[in-house]
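Observations on chain architecture
As a plain string of letters, each chain reads:
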Amino acid sequence: MPASFPKGFRWGASSSAFQIEGGWDEGGKGPSVADHNAFKRSDRQADTKVASDLYHRWRGDVALMKELGLGMYRFSIAWTRIVPDGDGEVSEEGVAFYDALIDELLAAGIEPWVTLYHFDLPWALVERYGGWADRRCVDAFDRYARICFERFGDRVKHWQTINEQNLMVRVDERMNIAASDPLEADRLRAQMDYHMSLAHARATRSCHELVEGGLVGPAISSTCTYPLTPKPEDVWAARSNDYLKTLYNLDMCQYGAYSGFYMDYLEKRGIVPVMLPEDAETLRHGKMDYLALNYYRTLCASYLPVDDEHPLGSRAFRGNEVDFDQYGWCRDERNPSLEASEYGAQIDPMGLRIVLDEYYARYRVPIIITENGLGAPDELTADGRVHDDYRIDYLRAHVGACRDAMRDGVELMGYSPWSVMDLLSSHQGFRKRYGFIYVDRGEHDLRSLERVRKDSFFWYQNVIRTNGAEL
Ligand code: BG6
């Protein structure tokens, strides 16, 4: 097949600060929500203290990225390295760390694509304000974003504001939602979500003001929900799942207001957040320059009418069932047409093409894939290698889907899978790995922390070298 990716197509790989850096309290860094949540599980799995130890090994790691041939590296800055307590003093040591990393990447010919906030809200903001429940958190985020734009914006031109706001907001632990009453929890959730949208819009405006030629967008957890059957009710349930889990958030970014279906949900549930009249002007600035898209798998749903067993509000907007009030319910189903991989997840490259086509048609902005990958318990074999052919199969099929979507007309800027090297998975520590590079460590046994190139490393190296002509 001839080279089918345009010249300039970006081949990258991704990570996030709390999952890869370690050095959680070094260099003046303050604790984050991600640290706190990981420490709750320290007895059972690896936490953020060492993670992949990039904090101490970044020079060697950038050299490996260069060897891999990356044209871009998507990573996040830890807010608590730059402003340890969230909205106080700036840590020059933290700034210096990212300064050096960015310079090293650029010297290696790798463009830094930076996420400002990847699940790691400063813990001090939770203690001080209750986190995103309070508007002062929006001010703190914009201030932190402006510091990053001022300090790094001469070299970093592509920014993502918040990673997976639409998914994060549904995870109580990540939001510090402790309310036991589901309605109260959802009221808080809606308010926090709205504040994060304001934060996104303000940071977007700040980026345009402070970064010459700077481009910025949200990083979304994409969803593509198939109806279990062609029954109109099932089709509606599937659509509603995508509306209420994802599109409501992207619509807010792009159009500066919630769409009717989401306002309707908020009103019927009685959880409309406090919105000030002047917010409308701020929210207009959230328009995406590009969309950073994370894709792993698709969903499947059926319609479940409201009945005694599923009374309004029992598990609204959480868990496996989404309460749509009088619209009925949407129930997550296993897709009978897809096979689960050996490791559980249903693999669906066509879903990626569908998502890319749909989001591009709806928003008409360039898209970059900032996460896509297969988590598996990789093993270092006696020959000193990691034979992850299952990952190669997964990635090959998804890169093919990117090519198809581009033929469909999608403006795809690049492909940056998860993850550049093994890193901390939220609920499975290092038992589930995604990287091109194996990190020699166990859950608690740090072993050598040595880096080992997996088979997928050599495969991806060739994909990059041939600009996708050889998959
Ligand atoms: C994405 C997150 O949702 O999924 C990443 O942005 C995360 O931070 C990735 O690591 C994979 O999820 P998990 O739970 O397998 O690590």
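Bear in mind that the values here come from a model prediction, so they are computed numbers and not experimental data.

Another aspect to go through is the overall build of the chain. The number of helices and strands found in the chain is 16 helices and 14 strands. In terms of overall size, the chain behaves like a compact globule, its C-alpha atoms giving a radius of gyration of 21 Å where 471 residues would be expected to give roughly 23 Å. Along the longest, intermediate and shortest principal axes, the C-alpha atoms of the chain span 60 × 55 × 45 Å. Buried positions account for 61% of the 471 residues belonging to the chain. Long-range pairs, those at least 24 residues apart, make up 77% of the contacts in the chain with a sequence separation of at least 6.

This brings us to the packing of helix H11 (residues 232-255) against helix H12 (residues 260-269). H12 packs onto H11 with a crossing angle of 120° between their chain directions and a minimal axis gap of 9 Å. Put simply, H11 runs oblique to H12. Considering the relative orientation of H11 and H12, their crossing is left-handed. From H11, Tyr243, Leu244, Leu247, Tyr248 and Asp251 reach across to H12, where they touch Phe261, Tyr262 and Tyr265. In terms of residue class, the contact of H11 with H12 is made up of seven nonpolar, no polar and one charged.

With respect to the helices, strands and loops of the structure, Leu293 is situated in strand S7 (residues 291-294). Under the relative-accessibility criterion, Leu293 is labelled buried at 0%. When the C-alpha atoms of Leu293 and Ile367 are compared, they prove to be 6.9 Å apart, with 74 residues separating the residues in sequence. Once you skip the residues sitting within four places of it in the chain, Leu293 turns out to touch Ile220, Ser222, Leu352, Val355, Leu356, Tyr359, Ile367, Ile368, Ile369, Thr370 and Glu371.

This part is about the site of the ligand. Near the ligand there are 13 residues, and of these Gln19, His118, Glu164, Lys432 and Tyr434 occur at the shortest range. Here an oxygen atom of the ligand and a side-chain polar atom of Gln19 are 2.8 Å apart. A distance of 3.4 Å is found between an oxygen atom of the ligand and a side-chain nitrogen or oxygen belonging to Trp418. Computed on the free molecule, the ligand has an accessible area of 380 Å², of which 87% lies beneath the protein chains in the complex. Spatially, the ligand is embedded in the largest pocket. Of the residues in the shell around the ligand, the class split is five nonpolar, five polar and three charged.

As a further point, take the pairing of S7. Both faces of S7 are covered, namely the face carrying Leu291 and Leu293 and the face carrying Ala292 and Asn294. For strand S5 (residues 215-221) and S7, the ladder comprises three bridges, and the chain directions are parallel. Its bridge partner lying in S7, Ala219 is registered against Ala292. Both S7 and strand S11 (residues 367-371) contribute to a ladder of four bridges, which runs parallel. Along S11, the bridge assignment pairs Asn294 with Glu371.

We now examine helix H14 (residues 349-363). Counted at 1.5 Å a residue, the expected span for H14 with its 15 residues is 21 Å, and the 22 Å between its end C-alpha atoms agrees. For H14, every residue scored as buried is listed here: Gly351, Leu352, Val355, Leu356, Tyr359, Tyr360 and Tyr363. Considered in projection along H14, the buried side chains sweep an arc of 155° and stay on one side of the axis.

Counting buried positions along S5 gives six out of seven residues, so the element sits mostly inside the fold. Of the pairings in the sheet, the one linking strand S4 (residues 158-163) to S5 comprises four bridges and is parallel in character. Residue pairing across strands places Trp159 opposite Val216, the latter belonging to S5.

Scanning the model with the defined rule gives six cavities of 30 Å³ or more in all. Taken as a whole, the largest cavity holds about 150 Å³ of empty space. Considering the residues around the largest cavity, the lining is formed by 17 residues, among which Phe18, Ala34, Asn37, Arg41 and Ser426 are closest to the centre. Counting residues per element, the lining of the largest cavity draws most heavily on helix H2 (residues 33-39), at three residues. Among the residues forming the lining of the largest cavity, the class breakdown is seven nonpolar, six polar and four charged. One number sums up the size of the second largest cavity: a volume of about 60 Å³.

A few words on the pattern of salt bridges. Across all of its chains, the model carries 43 salt bridges by this definition. One salt bridge in this structure joins Asp99 and Arg155, with 2.6 Å as the shortest N-O distance. Of this pair, Asp99 sits in helix H5 (residues 92-107) while Arg155 is found in the loop between helix H7 (136-152) and S4, placing the two residues 56 residues apart along the sequence. Across the pair Lys454 and Asp378 runs a salt bridge whose closest N-O atoms are separated by 2.5 Å. Here Lys454, found in the loop between strand S14 (451-453) and helix H16 (455-465), pairs with Asp378, found in the loop between S11 and helix H15 (389-407); they are 76 residues apart in sequence, far enough to count as distant. On the accessibility criterion, Lys454 (0% relative accessible area) is buried. Here Asp378 falls in the buried class, since its relative accessible area comes to 5%. Among the charged side chains, a salt-bridge network with shared partners connects Asp378, Asp388, Arg391, Asp422, Arg433 and Lys454.

About the cut-offs
Residues numbered from 1 in each chain as written. Predicted model: local features only at pLDDT ≥ 70, side-chain atom pairs only at ≥ 80, totals over all residues. Heavy atoms only, no water. Helix = DSSP H or I, 4+ residues; strand = E, 2+ residues; numbered from the N terminus. Rg over C-alpha atoms; globule rule 2.2 N^0.38 Å. Buried < 20%, exposed > 50% of the residue type's maximum accessible area, 1.4 Å probe, protein only. Contact = heavy atoms within 4.5 Å. Axes fitted to C-alpha atoms, helices over the stretch in contact; angles between N-to-C directions. Parallel < 35°, antiparallel > 145°, perpendicular 65-115°, else oblique. Left-handed = near helix turned anticlockwise from the far one by under 90°. Nonpolar A, V, L, I, M, F, W, Y, C, P; charged D, E, K, R; others polar. Near = heavy atom within 4 Å. Polar contact = N/O pair within 3.5 Å; in protein donor to acceptor, adjacent residues only side chain to side chain. Areas by Shrake-Rupley, 256 points an atom, 1.4 Å probe, with all protein chains shown as cover. 1 Å grid on protein atoms, 1.4 Å probe; cavity = no way out; pocket = protein on both sides within 12 Å on 5 of 7 lines; lining within 4 Å. Sits in = over half its atoms within 2 Å of the grid points. Pairing = 2+ DSSP bridges. Expected span 1.5 Å × (residues − 1). Arc of directions from axis to C-beta. Points joined across faces, edges and corners; volume = space filled by probe spheres on them. Salt bridge = Lys/Arg side-chain N within 4 Å of Asp/Glu carboxyl O.

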